[in-house]
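# Understanding the architecture of this molecule
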Amino acid sequence: MNAAVATSVFAVFMVATVALGLLALRGRGKGGGLAEWSVGGRSLGPVFIWVLMAGEGYTSFSYLGAAGWGYNYGAPVLYVVAYMSCGYAIGYVVGPMLWAYARRHGLVGITDMVAHRFGRPWLGAVVAVLATVFLLPYIQLQITGMGVVLSVISYGAVSLNWAYFVAFAVTTGFVVVSGLRGSAWVSVLKDVLVIATLGFLAFSVPLHYFDGYGPFLDRLVTEKGEWLTLPGHGGGSGDGGGSGFGELWFISTTFLNSLTVVIFPTTVAGYLGARSADALRRNAMYLPAYNVLLFVPMLLGLAALFVVPGLTGAESNLALFKLVVDALPAWAVGLVGVAAALSSIVPMAVFMLVIGTMWGRSVLSLVPRFAERQKSAAQVVVVVAGSLALLLTYTAPNTLVRLSLISYEGMAQLLPMVLLALVWRRLTFRGAFSGLIVGVAVVCALVFTGNDPVGGVNAGLVALAANLAVALAVTLAGPRDADPRPDAEVLAHDPVGEEDESLDAARAARSASDHRV
């Protein structure tokens, strides 16, 4: 009976999610072209941009992975709050720059920007392939998270393997049909449910299991004090110089991820979907408030240490929901499951959409037969990318935080080519490309040989340092690129005041027209 009630609630909301995605397309014909599908026609206002980008930041990784890492290690999981808050501050400057650059040149993603900056369309294709490789673990993360949710709220009636497939099928169908605009609409529903359910769990779980926060925190300090300081439980030496998650790891990971998140293809998709640069600035100021919610799953992960001890490896992802299933009635379990599932669907939809856009725009468009059918080609790529991530979920399971770290460490190697190149004209193609090759090679070598972190430092930052060193050395030692275009055509800048000038011009034109009438 419990399984039937919880899964029925879940099913009703999944149908509502798909319907909401379709409703978002009302009045837009057959969904428009690639720009309408991939960046919402560049017309999303502050509210939709806020919930969409909050949706990207608050995923099943936050719902389940934060609880799982809190359960396994404790304090190191606070890096999530640190890097997201710092990333929003950087995004206050970077977001409007990328928005203006893309709008000025009719671009729809980072692969477009790289190809335009260096004047080489094939370079966009290379970046698309690399970005796809490093985005697949994040899609796998969302499939894993939603699969775990569905399996647990069904009280085991739905196996994990079937749950993973349902997660893939629902999200793939949703994103192919609705695009970025549908994701933004569903983000509103997701945010309402996330705030409501986490607010409820923040009080109900400690009260149910420990008679309140006081007894819970007393017991945590007394019995699990190791979890409350860096490097956390089993993390190595406390000075951060060992191989664990100490101070050096925390600082280096926060620094690397806060830089990387602003050029993450999905973040850029949110930037480019905005109606104005000012909407992005306001968004950057308000988003850190959303991070307060992240403390709830972290605390609940610590609470699970006493209630469901003995979870290891990927099982730790179940920590939060094992508490929920034992403490709440079936209908409430279903609602919490819906909130967590939507926290998978929204970001997974954007990740898959971005991969499809990159390939449709920068890879398949180089083939003449696909050049005029970029949107349909992108939608096919969405299905293929989702299928590959599903295959990885079955064959190479991992903890959610580990998958997130791998994605960020790899994507960070695009920073010089995507961001530095847009503000420094001297950076040459040879320098940027050489640095990218070295950075990707170093990060893959370190991660896949188990040498992450390196002496307590995030392996992605070590690779990025090598990347930058090579890029600068090759640039300064070699000849300048023979690019005749002016700086205004090649470089990005913050469009402060430009929107106000455009608005004043439009008002003046309307006033003159009214006067003539």
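This structure is a prediction, so every number in the text was calculated from the model and none was measured.

## Points about the overall build of the protein
Scanning the protein from N- to C-terminus turns up 23 helices and zero strands. Contacts spanning at least 24 positions in sequence make up 84% of the contacts within the protein whose residues lie at least 6 apart. Counting every atom, the protein has about 19,400 Å² of accessible surface; 67% of that belongs to carbon and sulfur.

## Digging into the packing of helix α7 (residues 121–153) against helix α15 (residues 330–363)
Two numbers describe how α7 lies on α15: the axes approach to 8 Å, and their chain directions differ by 165°. The angle between α7 and α15 falls in the class roughly antiparallel. Note on packing geometry: the crossing formed by α7 with α15 is left-handed.

## Here's the deal with the packing of helix α11 (residues 265–272) against α15
At a minimum axis separation of 9 Å, α11 and α15 run at an interaxial angle of 90°. Between α11 and α15, the angle is such that the two are roughly perpendicular. Of the residues in α15, those touching α11 at P265, T266 and A269 are V350, F351 and V354. Partitioning the contact of α11 with α15 into residue classes produces five nonpolar, one polar and no charged.

## Comments concerning the confidence of the model for the protein
Low pLDDT marks regions whose predicted coordinates should not be analysed in detail. Overall, the predicted model of the protein reaches an average pLDDT of 82, with 83% of residues at or above 70. At the low end of the mean pLDDT range in the protein sits helix α23 (residues 498–516), at 46; at the high end sits helix α21 (residues 459–477), at 96. Here residues 237–243 is a poorly scored stretch, pLDDT under 50, and it has 16 contacts once near neighbours within four places are set aside; other chains count. Confidence over residues 500–517 falls short of pLDDT 50; this stretch has zero contacts with residues more than four positions distant or in other chains.

## A few points about helix α20 (residues 429–448)
Taking 1.5 Å of rise per residue, the 20 residues of α20 would be expected to cover 28 Å, and the 28 Å separating its terminal C-alpha atoms lies within 8% of that figure. If you check which residues of α20 are buried, you get F429, G431, A432, G435, L436, G439, V440, V443, L446 and V447. One side of α20 holds all its buried residues, which, seen down the axis, span an arc of 155°. Remark: G450 follows α20 within two positions and exhibits a positive phi of approximately 75°.

## Description of the pattern of salt bridges
Overall, the coordinates contain seven salt bridges when judged by the stated rule. Note that R281 and D278 form a salt bridge whose closest N and O atoms lie 3.8 Å from each other. Note that R281 and D278 are positioned in helix α12 (residues 277–286) at a spacing of three residues, about one turn of the helix. Look at R281 and you get buried, because its relative accessible area is 10%. R282 is the partner of D278 in a salt bridge, and the nearest nitrogen-oxygen pair spans 2.4 Å. Remark: R282 and D278 occur in helix α12; sequence separation between them is four residues, near one turn of the helix. We classify R282 as partly exposed; its relative accessible area is 28%. Within the structure, one salt-bridge network assembled from shared partners comprises D278, R281, R282 and D494.

## Topic: a nonpolar patch on the surface
Together, Y92, V93, M285 and Y286 make up an exposed nonpolar region whose accessible area comes to about 400 Å². Elements with a contribution of two residues or more to the nonpolar patch: α5 (79–105) and α12. Mapping Y92 onto the fold places it in helix α5. Note on Y92: relative accessible area 35%, which makes it partly exposed.

## Regarding unusual backbone geometry
The linkage connecting L230 with the following residue, P231, adopts the cis geometry, with an omega of 10°. Summarising the element assignment, P231 is placed in the loop between α9 (213–223) and α10 (247–260). Note the cis peptide between D452 and P453, where omega equals 5°. Checked against the element boundaries, P453 lands in the loop between α20 and α21. Of note, the phi angle at Y155 is positive, near 55°, even though the residue is not glycine. Looking at where Y155 falls in the secondary structure, it is placed in the loop between α7 and α8 (160–210). You can call Y155 partly exposed: its relative accessible area is 31%. With phi around 65°, D211 is a residue other than glycine that occupies positive phi space.

## Some details on the packing of aromatic side chains
Tallied over the entire structure, the rule returns 22 aromatic pairs. Taken together, the aromatic side chains of W69, Y73, Y79, Y83, F245, W249, F264, F351 and Y408 make up a single cluster linked through ring pairs. The positively charged end of R117 is found above the aromatic ring belonging to F118, 4.7 Å away from the centroid. One cation-aromatic arrangement involves R120 over F429; the distance from NZ or CZ to the ring centre is 4.1 Å.

## Observations regarding the environment of A385
Position of A385 among the secondary structure elements: in helix α17 (residues 374–395). On the accessibility criterion, A385 (4% relative accessible area) is buried. Considered as a pair, A385 and L353 are 32 residues apart in the sequence and their alpha carbons are 9.6 Å apart. Beyond its immediate sequence surroundings of up to four residues, A385 is in contact with L136 and I355.

## Regarding helix α13 (residues 295–307)
For α13, with 13 residues, the first-to-last C-alpha span of 19 Å sits near the 18 Å given by 1.5 Å per residue. A large share of α13 lies buried, amounting to 10 of its 13 residues. Those residues of α13 that sit buried are V296, P297, M298, L300, G301, L302, A303, A304, L305 and F306.

## Remarks on the nonpolar core
As a rule of thumb, soluble globular proteins bury nonpolar side chains together. Within the largest apolar cluster, 149 residues are counted, with the highest numbers of intra-cluster contacts made by M113, I139, I143, F321 and L414. Tallying contributions element by element places α15 first for this core, with 20 residues. The residues touching M113, leaving out its near neighbours within four places in the chain, are L98, Y101, A102, L107, V268, L272 and L422.

## Remarks on the environment of G182
Along the chain, G182 falls in helix α8. It is 9.1 Å that separates the C-alpha atoms of G182 and T17, two residues lying 165 residues apart in sequence.

Quick notes on the rules
Residues numbered from 1 in each chain as written. Predicted model: local features only at pLDDT ≥ 70, side-chain atom pairs only at ≥ 80, totals over all residues. Heavy atoms only, no water. Helix = DSSP H or I, 4+ residues; strand = E, 2+ residues; numbered from the N terminus. Contact = heavy atoms within 4.5 Å. Areas by Shrake-Rupley, 256 points an atom, 1.4 Å probe, with all protein chains shown as cover. Axes fitted to C-alpha atoms, helices over the stretch in contact; angles between N-to-C directions. Parallel < 35°, antiparallel > 145°, perpendicular 65-115°, else oblique. Left-handed = near helix turned anticlockwise from the far one by under 90°. Nonpolar A, V, L, I, M, F, W, Y, C, P; charged D, E, K, R; others polar. pLDDT = per-residue confidence, 0-100. Expected span 1.5 Å × (residues − 1). Buried < 20%, exposed > 50% of the residue type's maximum accessible area, 1.4 Å probe, protein only. Arc of directions from axis to C-beta. Salt bridge = Lys/Arg side-chain N within 4 Å of Asp/Glu carboxyl O. Patch = residues over 30% accessible without salt bridge, like charges linked within 9 Å, V, L, I, M, F, W, Y side chains within 5 Å. Phe/Tyr/Trp six-rings, centres within 6.5 Å; stacked < 30°, edge-to-face > 60°. Lys NZ or Arg CZ within 6 Å of the ring centre and 35° of its normal. Core = buried A, V, L, I, M, F, W, Y, C linked by side-chain atoms within 4.5 Å.

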